[in-house]
Amino acid sequence: MRDLVIMPAMAQRRESLNMGEFAEEAIIVEEVTAPKRVNHFIEANTQEATLHHLKHECITPVFSKDNELTINHAAFVETIQDAAQSFFNGERVEQADIRVSHIIKGRIPEAIHKPANQLLESDKTIYYERAAFSIDVPTIYETVGGNKLNLSIVGVRAYNQMNLYSKKVPELFRLAIGFKNQVCCNMCIFTNGYKDDLRVSSTSELYRAALELFNNYNPAKHLYLMQQLGNTSMNEHQFAQIIGKMRLYQCLPTGYQKALPRMLLTDTQINSVAKAYIHDDNFGSFGSELNMWKFYNLLTGANKSSYIDSFLDRSLNATEMAVGINAALHGDERYKWFID
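Residues numbered from 1 in each chain as written. Predicted model: local features only at pLDDT ≥ 70, side-chain atom pairs only at ≥ 80, totals over all residues. Heavy atoms only, no water.

A. Expanded view of the overall build of the chain. Of regular secondary structure, the chain possesses 10 helices and 11 strands. Intrachain contacts of the chain at a sequence separation of at least 6 include 73% that bridge at least 24 residues. With the model as given, the accessible surface of the chain reaches about 16,200 Å², and the carbon-plus-sulfur share is 49%. (Helix = DSSP H or I, 4+ residues; strand = E, 2+ residues; numbered from the N terminus. Contact = heavy atoms within 4.5 Å. Areas by Shrake-Rupley, 256 points an atom, 1.4 Å probe, with all protein chains shown as cover.)

B. Local environment of the pairing of strand β7 (residues 171-181). The element β7 is largely enclosed, with a buried count of 11 among its 11 residues. Relative to strand β9 (residues 194-200), β7 is paired through 5 bridges, and the arrangement is antiparallel. Along β9, the bridge assignment pairs Leu-175 with Lys-195. Examined bridge by bridge, β7 and strand β8 (residues 186-188) share 3 bridges and lie antiparallel to one another. Directly across from Asn-181, in β8, lies its bridge partner Asn-186. Linking two consecutive strands that pair antiparallel, namely β7 and β8, is a turn of 4 residues; a positive phi of about 65° is found at Cys-185 within it. (Buried < 20%, exposed > 50% of the residue type's maximum accessible area, 1.4 Å probe, protein only. Pairing = 2+ DSSP bridges.)

C. Region of the structure containing helix α4 (residues 203-216). Taking 1.5 Å of rise per residue, the 14 residues of α4 would be expected to cover 20 Å, and the 20 Å separating its terminal C-alpha atoms lies within 8% of that figure. Looking at the buried side of α4, the elements it contacts are α3 (73-87), β6 (147-158), β7 and β9. (Expected span 1.5 Å × (residues − 1).)

D. Spatial organisation of the pattern of salt bridges. The tally for this structure, following the rule as stated, stands at 15 salt bridges. For the salt bridge of Lys-304 with Glu-43, the shortest nitrogen-to-oxygen distance reads 3.9 Å. On the criterion of sequence distance, the pair formed by Lys-304 in the loop between α9 (292-303) and α10 (308-329) and Glu-43 in the loop between α1 (10-17) and β1 (47-49) is long-range, its members being 261 residues apart. When its relative accessible area of 5% is taken as the criterion, Lys-304 is described as buried. Residue classification places Glu-43 among the partly exposed positions, given a relative accessible area of 34%. (Salt bridge = Lys/Arg side-chain N within 4 Å of Asp/Glu carboxyl O.)

E. Layout of the side chain of Arg-130. Its place among the elements puts Arg-130 in strand β5 (residues 124-144). A distance of 3.3 Å separates the side chain of Arg-130 from the side chain of Asp-309, its partner in a polar contact. With residues near it in sequence (within four places) discarded, Arg-130 still touches His-73, Arg-99, Val-100, Ser-101, His-102, Arg-157, Ala-158, Asn-160, Tyr-307, Ile-308 and Asp-309. (Polar contact = N/O pair within 3.5 Å; in protein donor to acceptor, adjacent residues only side chain to side chain.)

F. Expanded view of the environment of Val-144. Inspection of the secondary structure puts Val-144 in strand β5. Relative accessible area serves as the criterion here: at 3%, Val-144 is assigned to the buried category. Taking the C-alpha atoms as reference points, Val-144 and Leu-229, separated by 85 residues in sequence, lie 9.4 Å from one another. Those residues in contact with Val-144 that sit more than four places away from it in its chain are Leu-149, Leu-223, Met-226, Gln-227 and Trp-293.

G. Spotlight on α10. With 22 residues, α10 should reach 32 Å at 1.5 Å per residue; the first-to-last C-alpha distance of 32 Å fits that figure. Taken across its 22 residues, α10 has 17 buried, putting it largely inside the fold. Gly-331 lies just past α10 and shows a positive phi near 105°.

H. The packing of aromatic side chains, seen in detail. Enumeration according to the criterion identifies 15 aromatic pairs in this entry. With a centroid separation of 4.7 Å and 55° between ring planes, the pair formed by Phe-76 and Phe-173 is classed as tilted. Placement of the pair is Phe-76 in helix α3 and Phe-173 in strand β7, with a sequence separation of 97 residues. Phe-173 matches Phe-76 in its accessibility class, with the two residues each being buried. A network of ring pairs unites the aromatic residues Phe-239, Tyr-277, Phe-286 and Phe-295 as a single cluster. (Phe/Tyr/Trp six-rings, centres within 6.5 Å; stacked < 30°, edge-to-face > 60°.)

I. Fine view of the packing of helix α8 (residues 267-279) against α9. At a minimum axis separation of 9 Å, α8 and α9 run at an interaxial angle of 130°. Put simply, α8 runs oblique to α9. In this structure, the crossing between α8 and α9 has a hand that is right-handed. The residues of α9 that touch α8, namely those facing Gln-269, Ser-272, Val-273, Ala-276 and Tyr-277, are Leu-298, Leu-299, Ala-302 and Asn-303. Classifying every residue of the contact of α8 with α9 by side-chain character gives 6 nonpolar, 3 polar and no charged. (Axes fitted to C-alpha atoms, helices over the stretch in contact; angles between N-to-C directions. Parallel < 35°, antiparallel > 145°, perpendicular 65-115°, else oblique. Left-handed = near helix turned anticlockwise from the far one by under 90°. Nonpolar A, V, L, I, M, F, W, Y, C, P; charged D, E, K, R; others polar.)

J. Structural view of unusual backbone geometry. Residues other than glycine seldom take positive phi values, yet Asn-67 does so here, at roughly 60°. Residue placement: Asn-67 occurs in the loop between β2 (62-63) and β3 (68-69). Positioned with a positive phi, His-102 is a non-glycine residue whose angle comes to about 55°. The topology assignment puts His-102 in strand β4 (residues 97-107).

Structure representation (structure tokens):
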């Protein structure tokens, strides 16, 4: 791993990002009042969990061939929280908002022969196959398209994507840094703010990888791209054309599909985009032109129904789709198929 350049003061780090080169009047100031949370950054089949619950009421899975411990969800959250507080020293770093899914239930040995309806809470063991968390840095923000965006760090862990029947190997994590739209809690993920195949063997390696990701991320460039989306609009016919092509994409022959840019949203999510175009209070534009910033938020809003293990991949793909179609509306060829 290359040497990291982690500056000691946040003011120096802001200067090194050269935010003025890309974004107009990108503002990083301290704010006293925290925004009210109206919904969650991911929904689907998830439920809220506390760090205390993960640490003290859940067991830790092991690699079955050598009984070596995995890095559990609580350790993942704590490690990234520590890395964020270190890197963004001087900013307000909030506690993680944790969502979990796919509960795995078990019993302690003494309760093996008990009928299920007689089990006590102390007889049960649980852990969650999948967990995601979001850590907001509300003192680093910008306004895009009239929406306030806070800097946010998102982590995803899914045991189903690992082989726990083997000996201990480097473990898979997904980590992203980007901006969260405070109007709707939609996540905006950009390419250089996402590590989709982060494999580590210890929390110290995880800590270093998180610092590297934070250091490589360019928030000014990300903001600039999102600001540009508001400068382009499409009419209802063009929107309907894109929705139809997105539905058609799912049915294309494999070879034909591979020749096109990837599109990861499901049919159900594409239907959600269409419904939100008509009914969404914040981004719906039925009967008027739809700018690409609103279109982007229709995509990220639909993505909130993704399962945890596919959430960040689809978040990034929503950015790719919005930026690509925006370019196609200006004559670029790469995403032209979606608007023809």
